[in-house]
Amino acid sequence: MTAPTLGVAEQYCTFWVDDLYFGVAVAEVQEVLRHQPMTPVPRANEAVRGLINLRGQIVTAVDLRVRLGLPPRPEGALPMNVIVRSRGEVVSLLVDDIGDVIDPRDQGSLELEPAPSNMPADVQDVVLGVRPLPDAILLVLDADRAVDVSAVPDTSGGNP
Amino acid sequence: MDDDAEIIAEFLVESHENLDQLDRDLVELEQHPGSRELLSSIFRTIHTIKGTSGFLAFGRLERLTHVGETLLSKLRDGEYAMTPDIAEALLRMVDTVRALLEGIERSGNDKDPGVDVAPVQAAIELLLKNGGQPPAVEAPATEVVDTSTPSPDATEPVDASTPQPPAWDGVERRGVQAPDPAEPWDGVERRSVAEATVRVDVELLDNLVQLVGELVLTRNQILQRTDTHEDVELIRASQRLDLVASELQESVMKTRMQPIGQVWSKMPRIVRDLAHQLGREVDLTMEGHETEMDRSVLEAVKDPLTHLVRNSMDHGIERPEDRERAGKPRTGRLLLRAYHESGQVVVEITDDGKGIDPERIGAIAVQRGVVAREQLARMDTKEIIGLIFRPGFSTATEVSNISGRGVGMDVVRTNIERIGGSVDVVSEVGKGTTTRVRIPLTLAIIPALVVGEGGERYAIPQANLVELVRIEGEELRRQVERFAGAPVLRLRGRLLPLVSLAEALGGTAEEGDALTVVVVQSDDLTFGLCVSEVHDTQEIVVKPIGRQLKGLAMYAGATIMGDGRVALILDVPGMAQMQGVGAIAPENVETRGVLEGDRTALLVIEVADGRRAALPLDAVARLEEFPRERIERSGGAEVVQYRDGILPLVRLAPAIGLTDTAGRGEQVAVVVHEIEDRAVGIVIDRVLDVVEETVVLSEVGRRTGVTGSAVVQDRVTDLVDLEAVVARMGVVA
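None of the values given here were measured: they were computed from a predicted structure.

Caption draft 1: Layout of the overall build of chain A. Across its full length, chain A holds 3 helices and 10 strands. In chain A, the order of α-helices and β-strands from amino to carboxyl end is β-β-β-β-β-α-β-β-β-α-β-β-α. By the burial criterion, 38% of the 160 residues in chain A qualify as buried. Intrachain contacts of chain A at a sequence separation of at least 6 include 60% that bridge at least 24 residues.

Caption draft 2: Spatial organisation of the interface of chain A and chain B. Each side of the interface is counted separately: chain A has 25 residues, and chain B has 24 residues. Residue contributions to the side of chain A that touches chain B peak at 4 residues, all from strand S4 (residues 48-54) of chain A. Of the residues that constitute the side of chain A that touches chain B, the class distribution is 16 nonpolar, 7 polar and 2 charged.

Caption draft 3: Layout of helix H14 (residues 358-367) of chain B. Residues and elements named next belong to chain B. Listed in full, the buried residues belonging to H14 are Ile361, Gly362 and Ala365. Seen from one end, H14 has its buried residues packed into an arc of 100 degrees, which puts them on one side. Of the exposed residues in H14, those oriented more than 90 degrees away from the buried face are Glu359, Arg360 and Gln367. Among the residues trailing H14, Gly369 stands out with phi positive, at a value near 75 degrees.

Caption draft 4: How the structure looks around the packing of helix H3 (residues 59-76) of chain B against helix H4 (residues 84-107) of chain B. All names here are of chain B. Interaxial distance between H3 and H4 falls to 10 Å at its minimum, and their mutual angle equals 155 degrees. Comparing their axes, H4 and H3 come out roughly antiparallel. Seen from above, H3 lies across H4 with left-handed handedness. From H3, Arg60, Leu61, Leu64, Thr65, Gly68, Leu71 and Leu75 reach across to H4, where they touch Ile86, Leu90, Met93, Thr96, Val97 and Leu100. Each residue belonging to the contact of H3 with H4 can be placed in one class, and the counts come to 9 nonpolar, 3 polar and 1 charged.

Caption draft 5: Molecular detail of H4(B). With 24 residues, H4(B) extends 34 Å between its outermost C-alpha atoms, agreeing within 8% with the 34 Å of an ideal straight helix rising 1.5 Å per residue. In the segment just after H4(B), B:Gly108 is the residue with positive phi, at about 85 degrees.

About the thresholds
- Residues numbered from 1 in each chain as written.
- Chains lettered and ligands numbered in written order.
- Predicted model: local features only at pLDDT ≥ 70, side-chain atom pairs only at ≥ 80, totals over all residues.
- Helix = DSSP H or I, 4+ residues; strand = E, 2+ residues; numbered from the N terminus.
- Buried ≥ 20, exposed ≤ 12 C-beta atoms within 10 Å, placed from the backbone.
- Contact = placed C-beta atoms within 7 Å.
- Nonpolar A, V, L, I, M, F, W, Y, C, P; charged D, E, K, R; others polar.
- Arc of directions from axis to C-beta.
- Axes fitted to C-alpha atoms, helices over the stretch in contact; angles between N-to-C directions.
- Parallel < 35°, antiparallel > 145°, perpendicular 65-115°, else oblique.
- Left-handed = near helix turned anticlockwise from the far one by under 90°.
- Expected span 1.5 Å × (residues − 1).

See below:
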């Protein structure tokens, strides 16, 4: 086994947001949960969908669709929670669907490649790079950046 | 004596730990006689014990460790080589030291005649005399130290002549009082100091507190569920769970308690240095070292308290010459006092300095634009003194590096209020100043009022809560109006700015025919928060929220409710700031004659079967009802347990010459009256109304406890002289 270089994990927990296929290093993921009841936080950043009670710990849920500037989830579709650890805190990423844990090396992708420059800026902002796989392109998520949403509310107002 | 006892206890714990290490080191040293590292470690340990015992005047212990130290230093410096004889002597010294420590623990001194120091000391001295070699003849070095049968001749002469009775009256003694050391073991196990305490990682404690918080929440959930159940066994089990969880919570919270002495201990040095720097002569007295509070609270008040002490030295206590001129002793007095009161910790900082001159404060406040001249004119002395807590206020004519940067008192207050505490100042010109800081015992679990808005629940810390007001129908139109565009409520002659919680949360407020107002307070700002629902008050576990929300000043954190859902905790100062309440705060603004004709707000009550009486409303702190069986007796007085304290009760009817009819029913109505920081409960039949009337006092009906009577709401009403009532009943208020 080769020593992982910076930003290159051996295994990724994968998930979908809209039609994007993301992976986040397994080491950063604490757990994956079905949809959880949430308490909205008025006046917070739009991407903050609410607070979840995770066995007594209060976890902020950041909606990746909002964070990435993607259209809202279809009516009635409940997001899943990918709970990640970021800078000492536990944060939930709201995603559309959960995929498998994969090792890109098994599928011929040995290295992390830079994200294509024509990707939307919002997406590039939270992506470390890509791992091209035979039938998909895995976007490697930078969890720290993904959960880094400004505390100061937008002028457009937070969620109601 | 308290201080000494504490130091001795610490010394014992530390020494016991050191001695265990010493045993291991010595044994290891025999195997590795050359180890410089081990020798140094042993030397340090003995040296420490010697130093402290000298400081605490344990002469025998000091002399013994002194010879031991000398021997060790020779070994360490390579003058002597380690031999079995030296090892033996050292081990015996350690044993004797331990025996002496046990004696100290029992009796507070090292004069235990059961411990024989002389032979060990002699053996070591002999070794030293012979250059580290064992003496040729049979020396006392082979004698066995026997702690149970003392050989009187061997005891040091000083001690033999004065078998000291135990002088120390500390708390560290466990079990039976100072047992005779020579007595055979009586089978009762006594735990020594070292065995009775365990050092625990703070992180582990924090973890425990968190887990207990979880348990409390889970218990709340279970209790909620079992309420609707009929299974007796389940109900019984959940009640037991309730009890155990509460006790566990209490015990765990106790483990995190630390005495304020930790902060106190730094004060003498600070005061000394400051006195030196400022050219003051100060006599510092500290009381209540043992007053305990949660370590997080202690951490949070450390700086504010230090600042207050600095302030007293800088602005309070005058220079010695000035004091002499004022006819006071040259040396100023600074008293720090800490105590528990009704579930809170109170810390008082009292100086006998020049006091705070309200006129000067007022003048400076106007000059610095802290307050407008017209506003000042309406303030009473207490409010004027309160101005020192306003941002941008500093009275030092010259900015010193001690205090006087103008960031002092407001920061002190902000920091103390952040942890749910309060600060107030009482001062008398020329006599001195007392600053009283009240702080909660713990931060982790606080009482809060839960309100509802937009289908979600929000918690408001009890510390910010003043009262709940509900206004309906006609009153709503009459009492709520727009003042310079902002809604205000006329409440007992004051204008209260109103903030709609719904609007503050980014929604729209519903117009209804009733309004529920939670009156909240932070700093010296009071405002009304209009909410759609009021749930209940409960103990909540404060949990931090993620950094994504840190910039939102309106939330202080979050908590988990009984049903497992998250609720946000509102930060009252933050809300006030966000809603710009401060800007329109018409603290005492009188408009359209709210107070015309000296109207007085009165609480109209019924006593003695239908007789009407009235109390000035500002004398009423709260209204309470207690079940009759909760009234207990203490001495000759009736009392009730209230808010972690004892509330003395006074029956109003007999106190004003009427027949007592209060408390015939299940519930007893009580008006809580606060005098300075004490409270008295006035037992009445029931509350009739709160009115605002122009009182025309008539001498008719004047008697003890009654100032006279007046027509209130078209009926003749006795006006109660509360002071007289309280005084007459001899309640120690």
